[in-house]
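Listed below, chain by chain, are the residues.
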Amino acid sequence: MTDLSHMAYYIETFGCQMNENDSERIAGILDAAGARRAASPEASGLVIVNTCAVRAKSEEKLYSYLGRLRGLKKRRGLVIAVAGCVAQLHRGDLSAGRPFVDIVIGPDNYHRLPELLAAGGAGARVLTAWSSGWNEEERRLQVRANPSSAFVTIMEGCDNFCAYCIVPFTRGREKFRPLPAVLSDVEALARSGYREIQFLGQNVSAYRDADTGAAFPDLLDRASAIPGPEWIRFITSHPRSFGPEIIAAMARSRAVCRQLHLPLQSGSSAVLDRMKRGYSRSDYLDKVGALREAMPGIHLSTDIIVGFPGETEEEFRETMSALEEIRFSNIFSFRYSPRPGTAAARTADDVPLEVKRRRLAEVQALQKSIQTEIHRGIVGQTIRVLGAGRSRKDPAVFSGRSEGSQVVNFTAPGDPAGRFFQVRISGAGPYSLRGEAAPFDPSRSVDYRP
Ligand code: SAM
Ligand code: SF4
């Protein structure tokens, strides 16, 4: 094995949970080769930038960060590696215009990072080949940042080709991790004391084990039967593949949280059709109805895009009315941003920037008032919270998440990390709850099921 014991490295991560997870994988590979993690780019000889390409803004963040690293490299020498979605998208073009970039490496190639680093020499090294298999050894080495909650990848890539989305081009075609490997990961994490498992993939609801044909509901059943982790979540589901069997598996599980992220994108069936999402507004509403009937009180979150090409004011109003009707507990909302190679990028980006800005502001203001009301409804209740650490604003206060995935700031004795608390909620704002905790007592009613 390549020896990198002379090397200190720093990883900067942009983007989604998938990239957070990949950075943990990269850290595992480098640690196994003897390298040491540094606290800053200034204290390291290698900086890896794990990048996101989903919107133009995320890509711009990379270029400004690279500008900073270039200055640092001039002053004191540094190996610069660009990993993740932008690396996969632009490949050699990325380093061709930026000779200070030494390595360009796509998500299926991280196991070869030590070899590339050891090779050294002039000129950029570019590795962006696709692989159809799974490197289990690499996953075993993963360094997990959070001691109580663990991501477990169950699939990678996406075959949906939504009209606006670059993911199928940066993450490749859909591939599913074999079920025995997923379950043995969960068992190992359970033995190590993890309290929460989060299954990860671009389209987890389409999961299918190639050998047995086991689908996502089977995976949820099997994982729920493993003693240990009290909470199971998953992200991201696609409404098209999210059927009644998954709802039934969630409802019968002892561990699956009463919480679901189900991207809607638009409340207008015409826009959804142009986005090539494969469902209508009423299909989505039917799924919400079925979820709430099976699991009363379930907290739903979603993604919304405003200003998709051709979005009229009437179509935008349908998104607003969907938010009012569904009342999500949280949303992630974005202005449409054309991405190279996608179907939507071939049509005019014809909603003016000021209209996109105004629509986004309207969506966010409406959601803020809905969230405030939902949170106020929790005041006075005692809910279960998984402690994560100390609050960034006030180290005397602990921070954690509820089963519904709300941020909860609370006071309690001891160290919060990795412990469940019963927290009596005494106050609420649009983005968090606050309260006081008693240590977790399993003999009391523990689950928040309003
Ligand atoms: N697989 C997930 C899904 O289907 O929703 C996540 C895809 S993407 C990483 C996360 C979110 O970014 C999407 O749900 C969408 O709302 C947003 N997004 C993707 N492409 C976009 C674009 N071109 N412009 C604006 N927002 C975009
Ligand atoms: Fe992108 Fe659509 Fe795939 Fe999600 S389902 S990753 S939005 S193409």
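Criteria and thresholds
Residues numbered from 1 in each chain as written. Chains lettered and ligands numbered in written order. Predicted model: local features only at pLDDT ≥ 70, side-chain atom pairs only at ≥ 80, totals over all residues. Heavy atoms only, no water. Pairing = 2+ DSSP bridges. Helix = DSSP H or I, 4+ residues; strand = E, 2+ residues; numbered from the N terminus. Contact = heavy atoms within 4.5 Å. Axes fitted to C-alpha atoms, helices over the stretch in contact; angles between N-to-C directions. Core = buried A, V, L, I, M, F, W, Y, C linked by side-chain atoms within 4.5 Å. Buried < 20%, exposed > 50% of the residue type's maximum accessible area, 1.4 Å probe, protein only. Near = heavy atom within 4 Å. Polar contact = N/O pair within 3.5 Å; in protein donor to acceptor, adjacent residues only side chain to side chain. Areas by Shrake-Rupley, 256 points an atom, 1.4 Å probe, with all protein chains shown as cover. Phe/Tyr/Trp six-rings, centres within 6.5 Å; stacked < 30°, edge-to-face > 60°. Parallel < 35°, antiparallel > 145°, perpendicular 65-115°, else oblique. Nonpolar A, V, L, I, M, F, W, Y, C, P; charged D, E, K, R; others polar. pLDDT = per-residue confidence, 0-100.

Chemist: Explanation requested: the sheet that holds strand E1 (residues 8–13) in the structure shown.
Modeler: Strand pairing within a sheet occurs via backbone hydrogen bonds; the two strands may be parallel or antiparallel. Read across the sheet, six strands follow the order E2-E1-E3-E4-E5-E6 without closing on themselves; strand pairing throughout is parallel. Edge positions in the sheet fall to strand E2 (36–37) and strand E6 (125–127), since each has one partner strand and no second. Here strand E4 (residues 79–84) runs beside strand E5 (residues 103–105); their pairing, made up of three bridges, is parallel. Within the sheet, the bridge partner assigned to alanine 81 lies in E5 and is isoleucine 103. In the packing of helix H2 (residues 56–76) onto the sheet, the strands contacted are E1, strand E3 (46–51) and E4, and the crossing angle to E3 comes to about 175°.

Chemist: In this structure, what is going on with the sheet that holds strand E11 (residues 231–235)? I would like to understand it.
Modeler: With parallel pairing, the three strands of this open sheet are ordered in space as E7-E10-E11. Of all the strands in the sheet, just strand E7 (149–153) and E11 have a single pairing partner and so form its edges. The average undirected angle you get between the axes of adjacent strands in this sheet is 25°. Note: E7 against strand E10 (residues 196–200), five bridges, orientation parallel. When the sheet's bridge partners are listed, threonine 153 is paired in E10 with leucine 200.

Chemist: Whenever I open this one, the nonpolar core confuses me. Can you help?
Modeler: Among soluble globular proteins, nonpolar side chains are generally buried collectively. Ranked by size, the top nonpolar core spans 67 residues in total, and within it Phe199, Leu220, Phe234, Met250 and Leu291 carry the most contacts. Counting residues per element, this core draws most heavily on helix H8 (residues 179–191), which supplies six residues. When near neighbours in sequence (up to four residues on either side) are disregarded, leucine 220 contacts Phe199, Ile232, Phe234, Ile246, Ala249, Met250 and Val256. By size, the runner-up hydrophobic cluster in this structure holds 22 residues, among which are Tyr10, Leu72, Ala87 and Phe100.

Chemist: Would you take a moment to explain the pairing of strand E16 (residues 398–402) for this structure?
Modeler: Regular strands place side chains that alternate from one sheet face to the opposite one. Judged by how many residues are buried, E16 sits mostly within the fold: four of five residues are covered. Bridge count for E16 against strand E17 (residues 407–411) is four bridges, and the pairing is antiparallel. Counted as the bridge partner of arginine 401 is valine 407 from E17. Where E16 folds back on E17, the antiparallel hairpin that results is connected by four residues, among which serine 405 adopts a positive phi of roughly 75°.

Chemist: Just checking my understanding: could you explain the site of ligand 1 for this structure?
Modeler: Close to ligand 1 lie 15 residues; Tyr164, Gln202, Gln265, Asp303 and Ser337 are nearest. Between ligand 1 and aspartate 303 there is a distance of 2.6 Å, counted from an oxygen atom to a side-chain nitrogen or oxygen. The separation between a nitrogen atom of ligand 1 and a polar main-chain atom of serine 337 is 2.7 Å. A total of 560 Å² of accessible area belongs to ligand 1 in isolation, and the protein chains cover 91% of it. Counting only elements with at least two residues in the shell around ligand 1, the list comes to strand E13 (299–306) and strand E14 (330–335).

Chemist: Would you take a moment to explain the packing of aromatic side chains for this structure?
Modeler: Pairs of aromatic rings are described using the distance from one ring centre to the other and the angle between the two planes. With the rule as written, the count across this model stands at 11 aromatic pairs. Plain terms: the ring middles of phenylalanine 14 and tyrosine 65 are 5.8 Å apart, the flat faces sit at 85° to each other, and that makes the pair edge-to-face. Of the two residues, phenylalanine 14 is situated in the loop between E1 and helix H1 (17–32) and tyrosine 65 in helix H2; the sequence distance between them amounts to 51 residues. Given a relative accessible area of 11%, phenylalanine 14 falls into the buried group. Judged by relative accessible area, which is 7%, tyrosine 65 ranks as buried. Between tyrosine 164 and phenylalanine 308 the ring centres are 6.4 Å apart and the planes differ by 85°, which places this aromatic pair in the edge-to-face class. Here phenylalanine 308 lies in the loop between E13 and helix H13 (313–326) and tyrosine 164 lies in the loop between strand E8 (155–156) and helix H7 (167–170), a separation of 144 residues in the sequence. Judged by its relative accessible area of 10%, tyrosine 164 is buried. One aromatic cluster is present, formed by Tyr164, Phe308 and Tyr336 through successive ring pairs.

Chemist: Would you take a moment to explain the packing of helix H12 (residues 281–294) against H13 for this structure?
Modeler: Geometrically, a packed helix pair is captured by the angle between its two axes and the distance between the axes. Contact pair H12 / H13: the axes reach a minimum separation of 12 Å and the direction vectors enclose 10°. The orientation of H12 with respect to H13, classified from their angle, is roughly parallel. Side by side, H12 and H13 meet where Arg281, Tyr284, Leu285, Val288 and Arg292 of the first sit next to Glu318, Ser321, Ala322, Glu325 and Ile326 of the second. Taken together, the residues that form the contact of H12 with H13 break down as five nonpolar, one polar and four charged.

Chemist: I keep staring at the environment of serine 241 and nothing clicks. Help me out?
Modeler: Structurally, serine 241 is set in the loop between E11 and helix H10 (244–252). Residue serine 241 is classed as partly exposed on the basis of its relative accessible area, which comes to 28%. Remark: the alpha-carbon pair of serine 241 and tyrosine 279, spanning 38 residues in sequence, is separated by 9.8 Å. Beyond its immediate sequence surroundings of up to four residues, serine 241 is in contact with Asn203, Ser205, Ala206 and Ile246. A distance of 3.4 Å separates a polar atom in the side chain of serine 241 from a polar atom in the side chain of asparagine 203.

Chemist: What's the story with the confidence of the model for the protein in this structure? I'm lost.
Modeler: Reading fine detail from the predicted coordinates is not recommended where pLDDT is low. Scored by pLDDT, the protein has a mean of 93; 97% of the residues are at 70 or more. Contacts of residues 445–450 to residues separated by more than four positions or lying in other chains number 17 contacts, the stretch itself having pLDDT below 50.

Chemist: What is the right way to look at the side chain of serine 337 in this model?
Modeler: Among the secondary structure elements, serine 337 is positioned in the loop between E14 and helix H14 (353–376). You can call serine 337 buried: its relative accessible area is 13%. Ignoring sequence-local partners within four residues, the contact set of serine 337 consists of Arg55 and Ala56.

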